[in-house]
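# A structural walkthrough
Residues per chain are reported as follows:
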Amino acid sequence: MRRARTNFGWPLLALLLLVACGPAYRGEPLYGPLNVSDPQVAHGEQVFDAHCHQCHPGGDAGLGFGINDKPLPGWLIKFQVRHGLGAMPSFSQEQIDDEELDALVAYLFALRRHDSAD
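The structure contained in this document is the topic of the report that follows. (Residues numbered from 1 in each chain as written. Predicted model: local features only at pLDDT ≥ 70, side-chain atom pairs only at ≥ 80, totals over all residues. Heavy atoms only, no water.)

## Overview of the pattern of salt bridges
Filter applied, for reference: A pair is scored as a salt bridge if a Lys or Arg side-chain nitrogen falls within 4 Å of a carboxyl oxygen belonging to Asp or Glu. Helix and strand assignments follow DSSP, with helices taken as H or I runs no shorter than four residues and strands as E runs no shorter than two, numbered in order from the N terminus. Throughout, exposure labels follow a simple rule: accessible area from a 1.4 Å probe, protein chains only, divided by the maximum for the residue type, with under 20% read as buried, over 50% as exposed, and the rest as partly exposed.
Counted by the stated rule, this structure contains two salt bridges. For D102, the salt bridge goes to K78, with nearest N and O atoms at 2.6 Å. With D102 in helix α4 (residues 98-113) and K78 in helix α3 (residues 74-83), this pair connects stretches of sequence that are 24 residues apart. Of the charged contacts in the structure, one is a salt bridge between R82 and D98, with a shortest N-O distance of 3.0 Å. Here R82, found in helix α3, pairs with D98, found in helix α4; they are 16 residues apart in sequence, far enough to count as distant. Note on D98: relative accessible area 45%, which makes it partly exposed.

## Here we look at the environment of G58
To keep it simple, the criterion reads: When checking whether two residues touch, look at their non-hydrogen atoms; a contact exists if any pair is within 4.5 Å.
One can find G58 in the loop between α2 (39-51) and α3. For G58 and L111, which are 53 residues apart along the polypeptide, the C-alpha to C-alpha distance reads 9.1 Å. Leave out the neighbours within four places in its chain, and G58 touches F48, H53, N68 and L111.

Structure (structure tokens):
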């Protein structure tokens, strides 16, 4: 019996590879300190520190790619956290629940857009 082939994974893989090839921020943010006064962003920072910082210190490249400058939409970030990609492990609902995952995405968006106007 022959398995049907799908090409669903190729466009997603190509998108992720293109996004991953961008430059990683190094050290100080480009636009000043990150404002974590929003409770969801502050909670996301805690989730990030507990689960992501080891491989992506401060959002920069470390063991993994830099993630503080990747223009991925929220749904794709959530998909990657839940399913992993390459060397990145997957994180189950028990490890990072949906509320924490939403907060993590909010924190990653805040890392991406913070500026001196904060």
